[in-house]
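# Summary of the model geometry
One letter stands for each residue in the lines below.
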Amino acid sequence: MATPTTARSGEGLPPELADATRDETTLRRFLHGLPGVDQVGVEQRAAGLATRSIKKASKLQAIDMAIAMVDLTTLEGADTPGKVRSLCAKARRPDPERPDVPQVAAVCVYPDLVATAVEALRGTPIGVASVATAFPSGRAAREVKLADVKQAVAAGASEVDMVIDRGAFLSGRYGLLFDEIQAVKAACGDAHLKVILETGELVTYDNVRRASWLALLAGGDFIKTSTGKVSPAATLPVTHVMLQAVHDWHKATGQLRGVKPAGGIRDTKTAVRYLVAVNEVAGPRWLDPKLFRFGASSLLNDLLMQRRTQLEGHYSGPDYVTVD
Amino acid sequence: MTTWDYAPAPESRDIANLKPSYRMFVDGKFVEGTGEPLKSVNPATEEVLAEVSTASPSDVDTAVKAARRAYDKVWGRMPGAERAKYIFRIARMIAERGRELAVLESLDNGKPIKESRDTDIPTASAHFFYHAGWADKLDYAGYGPSPRPLGVTGQVIPWNFPLLMAAWKIAPALACGNTVVLKPAETTPLTALVLAEIIQQADLPPGVVNIIPGAGGIGAELVNHPQVDKVAFTGSTEVGKLIQGSLAGTGKKLTLELGGKAANIVFDDAPLDQAVEGIVNGIFFNQGHVCCAGSRLLVQESIADELLEKLRTRVSTLRVGDPLDKNTDVGAINSSEQLAKIRELTQAGEDEGAERWTSPCSLPDKGFFFAPTVFSNVSQAMRIAREEIFGPVLSVLTFRTPEEAVAKANNTPYGLSAGIWTEKGSRILYMADRMRAGVVWANTFNRFDPTAPFGGYQESGFGREGGRAGLEAYLDV
């Protein structure tokens, strides 16, 4: 069983990585010294792996794995306690007619609705994830962001999805960003930290790789692609780069960190392509909700419909699964 | 830890419309050859797929004379715009029967269905489309006004890309106004004979394309036939030399596309993960049965250990097995002879002191399979660094400076292709300028397009195929 390990920076890291976080200069040197990512090559590889044909028993297994990896998400201005409670009911029992369907990994909400979700999920192993740090833009003072995190954790969030300051990253202030992620990590206490890179705003794969390593060095338990509020959100090649980063991180440190693509993954076919990438780029070890999540809302119902299709031999349609 | 085994996802072999017997195609008709029939074998199962009639020397004569008549009476004088219509039709029909051709190709050759489906057949169709476009524009190809065709072309092709090589040969010949007698390889004649069906259905005038299966002797008969005006051969350097020798002084035009021992050069500033992909694609694509395969990896010493570790991890994930399974990455070796040759050379590698690493993948019980293999600590003096293995075997050498990389890369009698991996644009130009190779890929490998000329230096042959440059081989210029 894979157990994610969390490291405060420097602690337990091999010397070359511990040294990278010594100051702004060494951090910059390290990040800029990472091998580049060739755009054509990574996109070709992602497209190639996406042609894997997953059928029969392996498809059913993939569907169940994917369901157990879903962070069932609602992040709307219009969210209410009622909406969150019904989402939690869906998380507990995704397909009421089929109790053997696995529960999802977590429910993901705004900080002010964490208490509602915690209450609704009491007694289940389902996590409550809260976005924080002035989600989705991350444009707020450090104190505001930390207060945001502390409020979510105090309300019972077991996972915190922070957004990075993309402005700081794009202007090369890596030290600032590093300190901020570390401060958030400290404010999280026992809660797991997912670091949202918002890859749609980082644009290049080189940036994605650097931001991934920066987040891992600063102690992020997960690296997450997107907020879902910026287009493009998760893409396969971006997820390839991030999966490679956690794979390489494990090789270098022995520590297991996770990846969460979020936004735009709406159907089973797409989810299976991500799982293939997990299996073949990071390795089978990452086929675990502790190390891989889907940030999604409508994906769950498509998984449920495809699961029924696999078991019953015919497609039944959206009227036979619950909307939330 | 979770294990997730992909269920078998085989493409249905029924799609291939496999027939118990195939006949040769001469003068617009399928006829029984008078040579000894051959049996085409599925290299993945060793079962006989079909019996194929072959040509005798007199059949070669009949085919060449049919091609001569078709050239003199119809094809040689037909306006280019009219020729183009036929060639477009062939391109469309290949695309329409793509699935059938892909499955048949994988059965006969042993290559994975994902490659025949996504590379061989679409590229074959693309070659006809591309050259159809040239047929009425030859005046503007840069070879002067109204360039004339050569006449009858005798073409001999190998077994590694059976349909694609047929397309590379036939499409430019037809576009330029020549007629064709083509001999497919002994072990892989089937898709060429389905192409003959397509050519027949496309209503190409009788004799314009003739396809005559047979062994090497029939190939020799064809290229030496006095009424053949041009010879195009793709295959081994050994046979290429024989052909060049026998054609000397005859006035026939000749193009040869022969073996290779390409260097794939990785500098320390390369995009490493994509370089690993390129190395894998360079040597394990089509089981390494690729004349331009990146069979020598030259890696800068400062990153050699890191790169090799990444490479071994990646190669371990390659799925070797049933060519018809859509998830197979590496299929079957084409014949027992080829398998024996690969075994002999890898044994030589071990005997000469190179360090062998073989993928821990499982291999099927039946059929001709060879696990992906990487030799490290290879030196230029070893056979595995000098001789073409034509299999899934990579030889890894190291270098220290760009000059040393150039010297090692060019230290071969071959010169077909090379790969350069670096994030530095100026270094790509510096290296490409110094590579004695017909094709140089930068930060990629094994990419083919009908618009890009392909061909070699030195013992890799001469003449170009594809692009505007490729037309020259089929025009009297």
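Keep in mind it's a predicted model, so treat the numbers as computed, not measured. (Residues numbered from 1 in each chain as written. Chains lettered and ligands numbered in written order. Predicted model: local features only at pLDDT ≥ 70, side-chain atom pairs only at ≥ 80, totals over all residues.)

### Quick look at the overall build of chain A
Of regular secondary structure, chain A possesses 14 helices and eight strands. By the compact-globule yardstick of 20 Å for 324 residues, chain A fits well, its C-alpha radius of gyration being 19 Å. Pairs at least 24 apart in sequence give 75% of the contacts found in chain A among residues at least 6 apart. (Helix = DSSP H or I, 4+ residues; strand = E, 2+ residues; numbered from the N terminus. Rg over C-alpha atoms; globule rule 2.2 N^0.38 Å. Contact = placed C-beta atoms within 7 Å.)

### Points about the overall build of chain B
Looking only at helices and strands, one finds 15 helices and 18 strands in chain B. The C-alpha atoms of chain B give 22 Å as radius of gyration, which agrees with the globular expectation for 477 residues (23 Å, within 12%). Dimensions of chain B along its principal axes, counting C-alpha atoms only, are 65 × 50 × 35 Å. Residue burial in chain B is summarised as follows: out of 477 residues, 59% are buried. Long-range pairs, those at least 24 residues apart, make up 73% of the contacts in chain B with a sequence separation of at least 6. (Buried ≥ 20, exposed ≤ 12 C-beta atoms within 10 Å, placed from the backbone.)

### Focus: the packing of helix H2 (residues 80-96) of chain B against helix H6 (residues 190-201) of chain B
Residue and element names in this part refer to chain B. The interhelical angle for the contact between H2 and H6, taken along N-to-C directions, is 130 degrees, at an axis separation of 9 Å. Judged on the interaxial angle alone, H6 and H2 are oblique. The two elements H2 and H6 cross, and the hand of that crossing is right-handed. Here H2 contributes Ile 90, Met 93 and Ile 94 to the contact with H6, which in turn contributes Ile 198, Ile 199 and Gln 201. Residue composition of the contact of H2 with H6, grouped by class: five nonpolar, one polar and no charged. (Axes fitted to C-alpha atoms, helices over the stretch in contact; angles between N-to-C directions. Parallel < 35°, antiparallel > 145°, perpendicular 65-115°, else oblique. Left-handed = near helix turned anticlockwise from the far one by under 90°. Nonpolar A, V, L, I, M, F, W, Y, C, P; charged D, E, K, R; others polar.)

### Considering the interface of chain B and chain A
Chain B puts 22 residues into the contact, and the matching count from chain A is 25 residues. Taken together, the residues that form the side of chain B that touches chain A break down as eight nonpolar, eight polar and six charged.

### Observations concerning the packing of helix H5 (residues 162-175) of chain B against H6(B)
Residue and element names in this part refer to chain B. Interhelical geometry of H5 versus H6 gives an angle of 50 degrees and a closest axis separation of 7 Å. Judged on the interaxial angle alone, H6 and H5 are oblique. Considering how the two elements wind past one another, H5 and H6 form a crossing that is right-handed. On H6, the residues that touch Pro 162, Leu 163 and Ala 166 of H5 are Thr 191, Ala 192 and Leu 195. By residue class, the composition of the contact of H5 with H6 is five nonpolar, one polar and no charged.

### Observations regarding the sheet that holds strand S8 (residues 294-296) of chain A
All names here are of chain A. Strand order in the open sheet formed by eight strands is S7-S6-S5-S4-S3-S2-S1-S8, with parallel pairing between adjacent strands. This sheet does not close on itself; its edge strands, each paired only once, are strand S7 (258-260) and S8. Averaged over neighbouring strand pairs, the angle between their axes works out to 25 degrees when direction is ignored. Across three bridges, strand S1 (residues 70-73) lies against S8 in parallel orientation. Paired with Asp 71 across the strands is Gly 295, a residue of S8. (Pairing = 2+ DSSP bridges.)

### A short note on the domain arrangement of chain B
Residue and element names in this part refer to chain B. For chain B, the assigned domains read domain 1 (13-258 + 457-474) and domain 2 (263-442). Distance between the C-alpha centres of domain 1 and domain 2: 30 Å. Between domain 1 and domain 2, the residue contacts involve 23 residues of the former and 27 residues of the latter. For the side of domain 1 that touches domain 2, the secondary-structure elements that each account for two or more residues are helix H3 (98-109) and helix H4 (113-134). Residue composition of the side of domain 1 that touches domain 2, by class: eight nonpolar, eight polar and seven charged. (Domains from an automatic or database assignment.)

### Digging into the UniProt feature "active site" (unreviewed entry) in chain B
Residues and elements named next belong to chain B. Look at the UniProt record and you will see "active site" (unreviewed entry) annotated at Glu 257. Summarising the element assignment, Glu 257 is placed in strand S10 (residues 253-257). Setting aside anything within four residues of it in sequence, one finds Glu 257 in contact with Thr 234, Cys 291, Gly 455, Gly 456, Gly 461 and Glu 465. (UniProt positions renumbered as here; feature names shortened; annotations may be inferred.)

### Some details on helix H14 (residues 299-312) of chain A
Residue and element names in this part refer to chain A. Taking 1.5 Å of rise per residue, the 14 residues of H14 would be expected to cover 20 Å, and the 20 Å separating its terminal C-alpha atoms lies within 8% of that figure. For H14, the buried fraction is high: 10 of the 14 residues fall into the buried class. Among all positions of H14, only Leu 299, Leu 300, Asn 301, Asp 302, Leu 303, Leu 304, Met 305, Gln 306, Arg 307 and Arg 308 are buried. Looking at the buried side of H14, the elements it contacts are helix H4 (56-68), S1, helix H13 (268-282) and S8. Phi for Gly 313, located one or two positions after H14, is positive at around 80 degrees. (Expected span 1.5 Å × (residues − 1).)

### Observations regarding the nonpolar core
Generally speaking, soluble globular proteins have nonpolar side chains that are buried together. Within the largest apolar cluster, 150 residues are counted, with the highest numbers of intra-cluster contacts made by B:Ile87 and B:Ile265. Discounting residues that sit within four places of it in the chain, B:Ile265 has contacts with B:Leu298, B:Ala405, B:Ala409, B:Ala418, B:Gly419, B:Ile420, B:Trp421 and B:Met431. (Core = buried A, V, L, I, M, F, W, Y, C linked by C-beta atoms within 7 Å.)

### Some points on the sheet that holds strand S1 (residues 21-22) of chain B
With mixed pairing, the three strands of this open sheet are ordered in space as S1-S5-S4 (chain B). Of all strands in the sheet, those with a lone pairing partner are S1 and strand S4 (38-41) of chain B, marking the two edges.

### Thoughts on the environment of B:Val276
All names here are of chain B. Mapped onto the fold, Val 276 is located in helix H9 (residues 272-284). C-alpha of Val 276 to C-alpha of Ala 354: the two residues are 78 residues apart in sequence and 21 Å apart in space. For Val 276, the contacting residues outside a window of four places in its chain are Lys 310, Leu 311 and Arg 314.

### Looking at helix H1 (residues 57-73) of chain B
Residues and elements named next belong to chain B. Along its 17 residues, H1 runs 24 Å from first to last C-alpha, staying within 8% of the 24 Å computed at 1.5 Å per residue. Three or more residues of H1 are buried, namely Asp 59, Val 60, Thr 62, Ala 63, Val 64, Ala 66, Ala 67, Arg 68, Ala 70 and Tyr 71. If you follow the buried residues of H1, they end up packed against strand S2 (24-26), strand S6 (152-156), strand S7 (179-183), strand S8 (209-211) and helix H7 (216-223).

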